[in-house]
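Observations on chain architecture
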Number of protein chains: 2
Amino acid sequence: MSLPPATRKPTRAATARTPSARAMQKGQQTKQAIVEAALGLAAQIGLEGLSIGVLAEVTQMSKSGVFAHFGSREELQISVIREYFHRFEQEVFYPALQEPAGLPRVQALFANWMKRVAVELQSGCIFISGAVEFDDREGPVRDALAHSVQTWLRALYRAVVLAKQCGHLDADTDEQQMAFEIHGLILALHYEARFLKSPDSIERANQGFANILRRYGARLSA
Amino acid sequence: MSLPPATRKPTRAATARTPSARAMQKGQQTKQAIVEAALGLAAQIGLEGLSIGVLAEVTQMSKSGVFAHFGSREELQISVIREYFHRFEQEVFYPALQEPAGLPRVQALFANWMKRVAVELQSGCIFISGAVEFDDREGPVRDALAHSVQTWLRALYRAVVLAKQCGHLDADTDEQQMAFEIHGLILALHYEARFLKSPDSIERANQGFANILRRYGARLSA
């Protein structure tokens, strides 16, 4: 059975326009390389420092080459936020899911978060610097960043809810409150270690976490 | 008795060069007006957004006029930090000194700090945004900012030390640790209320402070 010419023609045209799997893969690799360069830059100079032109310079590509992958500065910034969040999930969230639900998972989430912040004391953290850059703006970049942070804080909150359900925390634990207090420790660590260069901030954050656990009656047996 | 010409001449010259008290006062007022405009701008666009040119535009002065008062962009930025710190002291620190040493003073410091942050949820906080802008830089602006924040955190720490000495806190209270945890609450409030627009952050910070006080055995009788 042969298809009528009217149907065939667009099919051939579509084939010609569709890049081969190989070309698509190469395009993806290039895009990924640009995002990686942008991620490194954003940690240093901020998301607002990123532009198609700066990325072209850093990756030694033409501006139109970079533009072909992103189309706009905003899209580039959002790609960086997505990649940052993806890595955050890989390093902080997923490994903690290997721990049993309850207190062990909450502890793993905090420990992994601490590990990541300790590395970022050198490079900077987009979730923190980005919040300052975009806290009085509207638009898709701000929304993407706020959405990423909220997703993470909600995951932390859910782990606390589960720990309470497991009987690992006091029955009257306010889970949102506990998550808020943990977030505060991470922010204080980042501020005091990175900006003030206080040498004992990591111990302070760990001690603060131990204090919070005690406050909410943390125990492994229900 | 007449002075020899050699001595007289420089004296007359010095008099000519010294501005009258009235002119000096006017100069001070102009400088103060520029600093105020710069302070408002810095809260919105960051300390790094400040320049002699931008300030000239905002104050409708000539660039050389603004330059005459500051001499450099760095000096302008440092003047803004000093003025910010001065106001912070006036609003947060000095009123708390009216309270008796011990727990009442620690509570007043936190309450005044919260009041100020609540206002800054609209305008932004130079201590927080500046930390992100200058956390990977060296130089006199960073130093001035870090010095201001450290002075304030040390004042908070000293108030906690006094509270322990008054017997208002447990004898084994780690004062640095308590100050670190309080700082974390303020940072979490600023982040979650200003960037994430979480509606209940002020209550969370107040509840967190109550939890910290309980953790360190706060009581008014020794």
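The model shown is predicted, which means the values in this text are computed figures rather than measured ones. (Residues numbered from 1 in each chain as written. Chains lettered and ligands numbered in written order. Predicted model: local features only at pLDDT ≥ 70, side-chain atom pairs only at ≥ 80, totals over all residues.)

What about the interface of chain B and chain A?
Often, the extent of an interface is quoted as the loss of accessible area on bringing the components together. The line we're drawing: Placing a C-beta atom from the backbone of each residue, one calls two residues in contact when those atoms lie within 7 Å. Strands here mean DSSP runs of E at least two residues long; helices mean DSSP runs of H or I at least four residues long; both are numbered from the N terminus.
Between chain B and chain A, the contact holds 29 residues from the first and 29 residues from the second. At the level of elements, α7 (126–134), α8 (140–165), α9 (175–195) and α10 (201–215) of chain B are the ones that each hand at least two residues to the side of chain B that touches chain A. Considering every element that reaches the side of chain B that touches chain A, the biggest residue donor is α9 of chain B, with 12 residues.

Description of the relation of the copies chain B and chain A
Put simply, the second copy of the chain is the first one after a rotation about an axis and a shift along it. As a reminder, the rule being used: A residue counts toward the fit only if its pLDDT is at least 70 in both copies, and the copies are then superposed by least squares on the C-alpha atoms of those residues.
Superposing chain B onto chain A requires a rotation of 180° together with a translation of 0.0 Å along the rotation axis, leaving an RMSD of 0.0 Å. On this basis, the relationship between the two copies can be described by a two-fold rotation axis. Proximity to the rotation axis, assessed at the C-alpha, singles out Gly184 of chain B in chain B; its C-alpha lies 2.0 Å from the axis. Most of the interface of chain B is mirrored in chain A, where 100% of its interface residues are also at the interface.

Digging into the nonpolar core
In summary, soluble globular proteins display a tendency toward joint burial of nonpolar side chains. To keep it simple, the criterion reads: The term nonpolar core refers to a set of buried Ala, Val, Leu, Ile, Met, Phe, Trp, Tyr and Cys residues connected through C-beta atoms within 7 Å. For the exposure call, what matters is how many other C-beta atoms sit within 10 Å of a residue's own: 20 or more marks it buried, 12 or fewer exposed, and in between partly exposed, using C-beta atoms placed from the backbone.
Counting 118 residues, the largest nonpolar core has Ala38, Val80 and Ile182 of chain A together with Ala38, Val80 and Ile182 of chain B as the members making the most contacts within it. The residues touching Val80 of chain B, leaving out its near neighbours within four places in the chain, are Val35, Ala38, Leu39, Ala42, Leu47 and Leu50 of chain B.

What to know about α10 of chain B
Applicable threshold: What a helix is expected to span follows from its residue count: subtract one and scale by 1.5 Å.
Compared with an ideal rise of 1.5 Å per residue, which puts 15 residues at 21 Å, α10 of chain B spans 21 Å between its outermost C-alpha atoms and is within 8% of the ideal. Every buried residue belonging to α10 of chain B is among Ser201, Arg204, Ala205, Gly208, Phe209, Asn211, Ile212 and Leu213 of chain B, and all of these are buried. Residues of α10 of chain B that are buried make contact with α9 (175–195) and α10 (201–215) of chain A together with α6 (103–123) and α9 of chain B.

Focus: helix α7 (residues 126–134) of chain A
Counting buried residues along α7 of chain A, 9 of its 9 residues qualify, which places the element largely inside the surrounding structure. Buried residues of α7 of chain A: Ile126, Phe127, Ile128, Ser129, Gly130, Ala131, Val132, Glu133 and Phe134 of chain A, and no others.

Examining the confidence of the model for chain A
Residues and elements named next belong to chain A. The criterion, for reference: As a per-residue quantity, pLDDT reports the predictor's confidence and falls between 0 and 100.
Chain-level statistics for chain A give a pLDDT mean of 90 and a share of 91% at 70 or above. Low confidence marks residues 1–15, where pLDDT is under 50. Its contacts with residues over four positions away, or in another chain, come to 1 contact. With pTM at 0.88, the complex prediction returns an ipTM value of 0.88.

Describing the packing of helix α5 (residues 73–97) of chain A against helix α6 (residues 103–123) of chain A
Residue and element names in this part refer to chain A. For clarity, the cut-off: Where helices are involved, their axes are fitted lines through C-alpha atoms of the stretch in contact, as for all axes, and angles between N-to-C directions lie from 0 to 180°. We call two directions roughly parallel when the angle between them is under 35 degrees, roughly antiparallel when it is over 145, roughly perpendicular when it lies between 65 and 115, and oblique otherwise. If you view the pair so one helix is near and one far, a crossing is left-handed when the near helix is turned anticlockwise from the far one by less than a right angle, and right-handed when it is turned clockwise. Note on residue classes: Ala, Val, Leu, Ile, Met, Phe, Trp, Tyr, Cys and Pro are nonpolar, Asp, Glu, Lys and Arg are charged, and everything else, Gly too, is polar.
In contact at an axis separation of 8 Å, α5 and α6 are set at 160° when each is read in the N-to-C sense. Between α5 and α6, the angle is such that the two are roughly antiparallel. Relative to α6, the crossing made by α5 is right-handed. Note on element contacts: α6 touches α5 through Arg105, Ala108, Leu109, Asn112, Trp113 and Arg116, opposite Phe88, Glu91, Val92, Pro95 and Ala96. When the residues that make up the contact of α5 with α6 are grouped by side-chain class, the tally is 7 nonpolar, 1 polar and 3 charged.

Quick word on unusual backbone geometry
Of note in the backbone geometry, Gln60 of chain A takes a positive phi value of approximately 55° without being a glycine. Among the secondary structure elements, Gln60 of chain A is positioned in the loop between α3 (52–59) and α4 (63–70). Looking at Gln60 of chain A, the number of C-beta atoms within 10 Å reads 8, which means it is exposed. In this model, Lys197 of chain B sits at a positive phi of 60°, which is unusual for a non-glycine residue. As for its placement among the helices and strands, Lys197 of chain B is situated in the loop between α9 and α10.

A short note on the packing of α9 of chain A against α10 of chain B
For the pair α9 of chain A and α10 of chain B, interaxial distance at closest approach is 10 Å and the crossing angle is 80°. Classified by the angle between their axes, α9 of chain A and α10 of chain B sit roughly perpendicular to one another. Taken together, the residues of α10 of chain B that come into contact with α9 of chain A (itself represented by Gln177, Phe180, Glu181 and Gly184 of chain A) are Arg204, Gln207 and Gly208 of chain B. Of the residues in the contact of α9 of chain A with α10 of chain B, the class split is 1 nonpolar, 4 polar and 2 charged.

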